[in-house]
Amino acid sequence: MTISRFLGCLLISYSPLIALFLKFILKDSKLLIISLSGAFFWMLSIFLSSILWFVVSPWKKEHIWTIIVSFIFQEVVRFLCFKLWNKLETSINLLSRINKQKRKINYILGSIACGVGFGFGYVLVMHTGVLTNVIGPADLYTTKCNMSLFVLNSFYAQAFGLLNVIWTSIMFLSIRNYTKKKLKGKPKRKYLVYLFVSIISHLVESLILLVNSCTASLLVLYLILAGLIILLVKLIVDTMNEKKNEYNLLKQNQESSSNEDKNENFSQEINFLDDNKSEENEKNKTDILNFEDEDEDEDDDEDDEIEKNDDLDEEEEEEEVN
Amino acid sequence: MSSQNEIEEKKKKKKKRNNKKQNHKQKNKTKDVEFNTRYEIQEGKRDPGKEDLDYIVAVYTKQLRKVLIPVAVTMLLVVLVIRTAYKDKPEEGAFNDIMVYNESDEDSAGFRFGGALLNAVIVIAVILVVTLIMVCLYMKGFDWILVGWVIFSVFIILTFYGLLTWLEIFQYLNKSLDWISALIVIINFGVAGTITITWKGAKIVNQIYLIIISVLFAAILSTLPEYTTWILLVLLAIYDLVVVLSPKGPLKMLVETAEKKGKPIPGLIYSSMVWFMSKLEKNKTKKKRKNEKKNEKKKTSSSSESNTSESDHFLQNNKILNSNSSESEENLIKDNHEIDKEESEENEKTPTKIKISKKKTKKKKKKDDNSSALLDHSPKLGLGDFIFYSLLISKAAYQDYTTVFTCFVAILMGLSLTLFFLALLQKALPALPLSIFFGIIFFFITSNVLVPMNSLLFQDHVFL
């Protein structure tokens, strides 16, 4: 496999992940750490499944059992990741609410970051790790799609990389929407349906690759991917609508009660519900994907103030000395 | 009528002004809350308990990036160097003269293990002795010896090891090199490196040279025999833990004497901030006056503040976080000419320190620390950590790229976790043990278990 083909395969498999990474994750350093921990946890899950594969010798050539076992492990680890992430996020948001500070993490972006971490870990280990051993003059041919094995595998890896992002984000958002405390109404069951669909799709996608025909595997793979993207978009829109409804309900509750310090309570509640909002941006409530700039900008302003005060102190002391 | 209009206009303007004032007040309130909380924490009036965890987390995330990126760059460079030049070389037994036990495939596994253990224990004993000597020299005022040693060792590494790797790479690329150009280039390279590291220099150039030093060193250390490297890494992690966290260790004495003297500890520390040497002198005099006055004031005021300010629990300026006193196993017993050179080299990559300090503490804190750290409010990591992380990665690079990726993620995760604990505890913490623990586990699992599985699954285009 020549180096040009190798680069082509890399680009095929990594492009959606790199696009997501550059657009959403590079700007905020918290999301970087979240994606790093996502890759770490995915690797733990694959270690567990590989240890089982290693120990149980009859599985080494029948792939179906490894697929099922690894599916279970991956989903369990994804759920554990969600639990960890939830704990962190609730604590940070509570604290920033108390101090009226803007150090929250956007929930949707956080789930996408975790998914990107999972995806990167996946593609690195399953795809490029093996591909780098094959750089050289020859190429391997499959009858499955009448193309080179490596190109085919890179297409599969691209799909699976994106799918990991989608699975994690659907799981995080659906469980959160289902378990979140509401002012009014019951938790909706459709979120559980979404979760179930995403989990089952994982199993289906990995099993469909065992099928021998080319069109079936590729078609089914990408169709399910498209369907899941639509599901994810629907989920995001639903979360945003729910936030809107919650906000409106709160506003009604606030207006009904007679409080003189309305503004302060308002700001607290607003900051609690809406991620990354200040009192100025009350109009743009639906823009949940607005992430905040880096904290350096805020600190620089305050630093300038303090440096001015520094100079004043020095002048005072000089006067005192003189 | 016109007067009424004028009055109405004036009322409207007043309303607008009031609204603006209210908005401004609310903005300033939020800002004031932030500033007051930080101010109070710094002054020791308030616990940075759970309420300020988000502030800690924010600072930690900002500074993590500055530390992660250089570590990642060093590791990638080491992988590059080894994958090109060192991988297919036959093992020449570079350390056979130095090691007490020379590993060979003929001996049994148990025997090799015992011999490697002996080697590693001797190395660490030598490291201990050398750190004690360093501490004694520093405390008795012989800084100039250490500084000269640093200069000498840096120059030797950059020239000789740089030339070695350069030649290896050119051998791999099948290119020729004449001795005149090599001499000119490498001497300039070495001299520039020593100047930037031990004296003034641009920030980026300083960082690049430190990265290059760690890359060269790790590439050389990777030629150690297998068992010794793994046992050495494990023992170094334990040693690091013990030395840093023990209450009466040599590193703490070093740090305290440095704080008293107000001079920098001679050593190689990677920091991500700029060193403005000329400005420091001016600020030093002013801040000394400030400190004197503050000390007087503080003595008269209640003693509770001073007590709280000294406790480790609060966010303080320039709390040094030691991780490793790095040396290599080359500091072994014999009277070899090479060893004497290499002995010194490592000693000066001494306490690896992770510092976190806040910009705003410039104003109000005592500046007892070294003058260079006065404006250096960024996390610092000693070169020993860089070298041993890249040593682990180099061992992975000899095997396979999957092991490289997994160990990479493991090391970065360990480093971020240690920095998190550092932000929480505000204490000296060792940077080695967690990452090496994760790295070793990931290495052995991938190289023995994951790689065969992956190769089989890849052939049958099965994706888990």
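Definitions and limits used
Every chain's residues receive numbers from 1 upward, in the order its sequence appears when written. To label them, take the chains in the order written and letter them from A, then take the ligands in the order written and number them from 1. Per-residue local features of the predicted model are confined to residues with pLDDT of at least 70, and side-chain atom pairs are confined, for both listing and counting, to 80 or more; whole-chain, interface and lining totals are unaffected and use all residues. Here the side-chain values reflect all heavy atoms present in the structure, with hydrogen atoms and water set aside. UniProt positions are given in the numbering used here, feature names are shortened, and annotations may be inferred rather than shown by experiment. What counts as a helix is a DSSP run of H or I of at least four residues, what counts as a strand is a run of E of at least two, and both are numbered from the N terminus. Categorising residues by exposure relies on relative accessible area from a 1.4 Å probe, with only protein chains included: less than 20% of the type maximum marks a residue as buried, more than 50% marks it as exposed, and the intermediate range marks it as partly exposed. Two residues qualify as a contact provided that any one of their heavy atoms is within 4.5 Å of a heavy atom in the partner residue. All accessibility values rest on the Shrake-Rupley procedure with a 1.4 Å probe; residue burial counts only the protein chains present in the view. Angles here are taken between N-to-C directions and fall from 0 to 180 degrees, while the axes themselves are lines fitted to C-alpha atoms, restricted in helices to the stretch in contact. Angle categories are assigned with fixed cut-offs, so that under 35 degrees is roughly parallel, over 145 is roughly antiparallel, 65 to 115 is roughly perpendicular, and the rest are oblique. Crossing handedness is defined as follows: a turn of the near helix away from the far one that is anticlockwise and smaller than a right angle gives a left-handed crossing, while the clockwise case is right-handed. Basically, the charged four are Asp, Glu, Lys and Arg, the nonpolar ten are Ala, Val, Leu, Ile, Met, Phe, Trp, Tyr, Cys and Pro, and anything else, Gly included, counts as polar. For this analysis, a salt bridge means a side-chain nitrogen from Lys or Arg found within 4 Å of a carboxyl oxygen belonging to Asp or Glu. The disulfide criterion used throughout: a pair of cysteine sulfur atoms within 2.5 Å. Aromatic rings from Phe, Tyr and Trp, taking only the six-membered ring of Trp, are treated as a pair when their centres fall within 6.5 Å; an angle between ring planes under 30 degrees marks them as stacked, one over 60 as edge-to-face, and anything in between as tilted. Only when the NZ of Lys or the CZ of Arg is both within 6 Å of the ring centre and within 35 degrees of the ring normal is a charge said to sit over the ring. Here a polar contact is recorded for every N or O atom pair within 3.5 Å, except that within protein the pair must consist of a potential hydrogen donor and a potential acceptor, and residues adjacent in sequence are included only if both atoms are side-chain atoms. Multiplying 1.5 Å by the helix residue count minus one yields the expected span of that helix. Patch membership is restricted to residues that have no salt bridge and whose relative accessible area is over 30%. Joining uses 9 Å for like charges and 5 Å for the nonpolar side chains Val, Leu, Ile, Met, Phe, Trp and Tyr. pLDDT gives the predictor's per-residue confidence on a scale running from 0 to 100.

- The name given to chain B in an unreviewed UniProt entry is Presenilin, with the source organism recorded as Anaeramoeba flamelloides.
- What UniProt states about chain B under its Function (unreviewed entry) heading is, verbatim, "Probable subunit of the gamma-secretase complex, an endoprotease complex that catalyzes the intramembrane cleavage of integral membrane proteins such as Notch receptors."
- Per its UniProt entry, chain B bears the Subunit (unreviewed entry) comment "Homodimer."

- Per an unreviewed UniProt entry, chain A goes by the name Gamma-secretase subunit aph-1 and belongs to Anaeramoeba flamelloides.
- Looking at the Sequence similarities (unreviewed entry) heading of the UniProt record, one finds this comment for chain A: "Belongs to the APH-1 family."

**With respect to the overall build of chain B**
Turning to step 1, where the next piece is worked out: Summing up its helical and strand segments, chain B has 14 helices and two strands in all.
Turning to step 2, where the next piece is worked out: Counting over 464 residues, chain B shows a buried share of 51%.
Turning to step 3, where the next piece is worked out: Counting contacts in chain B only where the partners sit at least 6 residues apart, residues at least 24 apart contribute 81% of the total.
Turning to step 4, where the next piece is worked out: As presented, chain B carries roughly 21,900 Å² of accessible surface, and 61% of it is formed by carbon and sulfur atoms.

**Structural notes on the overall build of chain A**
Turning to step 1, where the next piece is worked out: Of regular secondary structure, chain A possesses nine helices and zero strands.
Turning to step 2, where the next piece is worked out: Buried residues in chain A amount to 49% of all 322 residues.
Turning to step 3, where the next piece is worked out: When contacts within chain A are restricted to residue pairs at least 6 apart in sequence, those whose partners lie at least 24 apart make up 77%.
Turning to step 4, where the next piece is worked out: With the model as given, the accessible surface of chain A reaches about 15,600 Å², and the carbon-plus-sulfur share is 61%.

**Re the packing of helix 12 (residues 383-397) of chain B against helix 13 (residues 401-425) of chain B**
Residue and element names in this part refer to chain B.
Turning to step 1, where the next piece is worked out: Where helix 12 meets helix 13, the axes come as close as 8 Å, and the angle between the chain directions of the two elements is 160°. Taken together, helix 12 and helix 13 sit at an angle that is classed as roughly antiparallel. Our pair here, helix 12 against helix 13, has a crossing hand that is right-handed. Contact residues: helix 12 offers Y389, L392, I393, A396 and A397, while helix 13 offers T403, V404, C407, F408, I411 and L415.
Turning to step 2, where the next piece is worked out: Looking at side-chain class alone, the contact of helix 12 with helix 13 contains ten nonpolar, one polar and no charged residues.

**As for the pattern of salt bridges**
Residue and element names in this part refer to chain A.
Turning to step 1, where the next piece is worked out: Evaluated as defined, the whole model comprises three salt bridges over all chains.
Turning to step 2, where the next piece is worked out: Across the pair R78 and E75 runs a salt bridge whose closest N-O atoms are separated by 2.9 Å. Of the two residues, R78 and E75 are both situated in helix 3 (residues 63-99); the distance of three residues between them amounts to about one turn of the helix.
Turning to step 3, where the next piece is worked out: Take R78: its relative accessible area is 0%, and that puts it in the buried class.

**Here's the deal with the environment of A:K190**
Residues and elements named next belong to chain A.
Turning to step 1, where the next piece is worked out: With respect to the secondary-structure elements, K190 resides in helix 6 (residues 190-208).
Turning to step 2, where the next piece is worked out: We classify K190 as partly exposed; its relative accessible area is 30%.
Turning to step 3, where the next piece is worked out: Taking the C-alpha atoms as reference points, K190 and L235, 45 residues apart in sequence, are found 9.8 Å from one another.

**Side note on the environment of A:M126**
Turning to step 1, where the next piece is worked out: By the element assignment, A:M126 lies in helix 4 (residues 107-131).
Turning to step 2, where the next piece is worked out: As a C-alpha pair, A:M126 and A:A157 span 31 residues in sequence and 8.0 Å in three-dimensional space.
Turning to step 3, where the next piece is worked out: Not counting the four nearest positions on each side in its chain, A:M126 is found in contact with A:W42, A:I46, B:N454, B:L457, B:F458, B:V462, B:F463 and B:L464.

**A closer look at the state of the cysteines**
All names here are of chain A.
Turning to step 1, where the next piece is worked out: Counted by the stated rule, this structure contains one disulfide over all chains.
Turning to step 2, where the next piece is worked out: With a sulfur-sulfur separation of 1.9 Å, C145 is cross-linked through a disulfide to C214. Measuring handedness by torsion sign, the sulfur bridge of C145 and C214 sits at about 100° and is right-handed. Of this pair, C145 sits in the loop between helix 4 and helix 5 (149-179) while C214 sits in helix 7 (residues 214-256), and the two are 69 residues apart along the sequence.
Turning to step 3, where the next piece is worked out: By relative accessible area, which is 19% here, C214 ends up buried.
Turning to step 4, where the next piece is worked out: Among the cysteines around C9, which has no disulfide bond, C145 carries the closest sulfur, lying 14 Å off.

**Notes on the packing of helix 1 (residues 3-25) of chain A against helix 5 of chain A**
All names here are of chain A.
Turning to step 1, where the next piece is worked out: Where helix 1 contacts helix 5, the axes come no closer than 9 Å and their chain directions differ by 10°. Taken as axis vectors, helix 1 and helix 5 run roughly parallel relative to one another. Packed against helix 1, whose contacting residues are R5, C9, I12, S13, S15, P16, L17 and L20, the element helix 5 presents F150, V151, S154, F155, A157, Q158, G161, L162 and V165 at the interface.
Turning to step 2, where the next piece is worked out: Classifying every residue of the contact of helix 1 with helix 5 gives eleven nonpolar, five polar and one charged.

**Observations concerning the packing of aromatic side chains**
Turning to step 1, where the next piece is worked out: Per the stated rule, a full pass over the model turns up 27 aromatic pairs over all chains.
Turning to step 2, where the next piece is worked out: Considering the side-chain rings of A:F40 and B:F438, the 5.1 Å spacing of their centres and the 65° angle between planes classify their relative orientation as edge-to-face. Linking A:F40 in helix 2 (residues 29-55) with B:F438 in helix 14 (residues 432-459), this pair reaches from one chain into another.
Turning to step 3, where the next piece is worked out: Taken together, a centroid distance of 6.1 Å and an interplanar angle of 25° make the contact between A:F150 and B:F458 stacked. Here the residue A:F150 occupies a position in helix 5, and B:F458 occupies one in helix 14, the pair thus bridging two chains. Comparing A:F150 with B:F458, the two get one shared label, buried.
Turning to step 4, where the next piece is worked out: Ring pairing ties together the aromatic residues A:F40, A:F41, A:F47, B:F437, B:F438 and B:F442, which thus form one cluster.
Turning to step 5, where the next piece is worked out: The positively charged end of A:R176 is found above the aromatic ring belonging to A:Y107, 4.2 Å away from the centroid.

**Overview of the side chain of A:S148**
Residue and element names in this part refer to chain A.
Turning to step 1, where the next piece is worked out: Within the secondary structure layout, S148 lies in the loop between helix 4 and helix 5.
Turning to step 2, where the next piece is worked out: Look at S148 and you get buried, because its relative accessible area is 8%.
Turning to step 3, where the next piece is worked out: Within the local environment of S148, its side chain forms a polar contact with the backbone nitrogen of F150, the two atoms lying 3.2 Å apart.
Turning to step 4, where the next piece is worked out: Excluding anything up to four places from it in sequence, S148 contacts R5, D139, L140 and T142.

**Some remarks on the UniProt feature "transmembrane region" (unreviewed entry) in chain B**
Residue and element names in this part refer to chain B.
Turning to step 1, where the next piece is worked out: Following the UniProt record, the feature "transmembrane region" (unreviewed entry) maps to residues 67-86, 116-137, 144-167, 179-197, 204-221, 227-245, 401-425 and 431-451 here.
Turning to step 2, where the next piece is worked out: The annotated region residues 116-137 carries 100% helix and 0% strand content, and the separation between its end C-alpha atoms amounts to 32 Å.
Turning to step 3, where the next piece is worked out: From the first C-alpha to the last, residues 401-425 spans 36 Å; its make-up is 100% helix and 0% strand.

**Details of helix 7 (residues 226-245) of chain B**
Turning to step 1, where the next piece is worked out: Taking 1.5 Å of rise per residue, the 20 residues of helix 7 of chain B would be expected to cover 28 Å, and the 29 Å separating its terminal C-alpha atoms lies within 8% of that figure.
Turning to step 2, where the next piece is worked out: Along helix 7 of chain B, the residues that are buried comprise B:T228, B:T229, B:W230, B:I231, B:L232, B:L233, B:L236, B:A237, B:Y239, B:D240, B:V243 and B:V244.

**A look at the UniProt feature "transmembrane region" (unreviewed entry) in chain A**
Turning to step 1, where the next piece is worked out: Those residues carrying the UniProt feature "transmembrane region" (unreviewed entry) are residues 6-26, 33-57, 63-85, 105-125, 155-179, 191-211 and 217-237 of chain A in this numbering.
Turning to step 2, where the next piece is worked out: Structurally, residues 33-57 of chain A is divided into 92% helix and 0% strand, and its ends, taken at the C-alpha atoms, are 37 Å apart.

**So, a nonpolar patch on the surface**
Turning to step 1, where the next piece is worked out: Taken together, the side chains of B:W179, B:I180, B:L183, B:I184, B:V185, B:I187, B:V191, B:I195 and B:W199 define a hydrophobic patch exposed on the protein surface, amounting to about 930 Å² of accessible area.
Turning to step 2, where the next piece is worked out: Tracing the sequence through the fold places B:V191 in helix 5 (residues 179-198).

**Concerning the confidence of the model for chain B**
Residues and elements named next belong to chain B.
Turning to step 1, where the next piece is worked out: Of all residues in chain B, 63% have pLDDT values of 70 or greater, and the mean over the chain is 70.
Turning to step 2, where the next piece is worked out: The lowest-confidence element of chain B is helix 10 (residues 303-310), averaging 33 in pLDDT; the highest-confidence one is helix 5, averaging 92.
Turning to step 3, where the next piece is worked out: Segment residues 272-376: pLDDT under 50, and 287 contacts once partners within four positions in sequence are set aside and those in other chains are kept.
Turning to step 4, where the next piece is worked out: Under the prediction, the complex receives an ipTM of 0.76, its pTM being 0.72.

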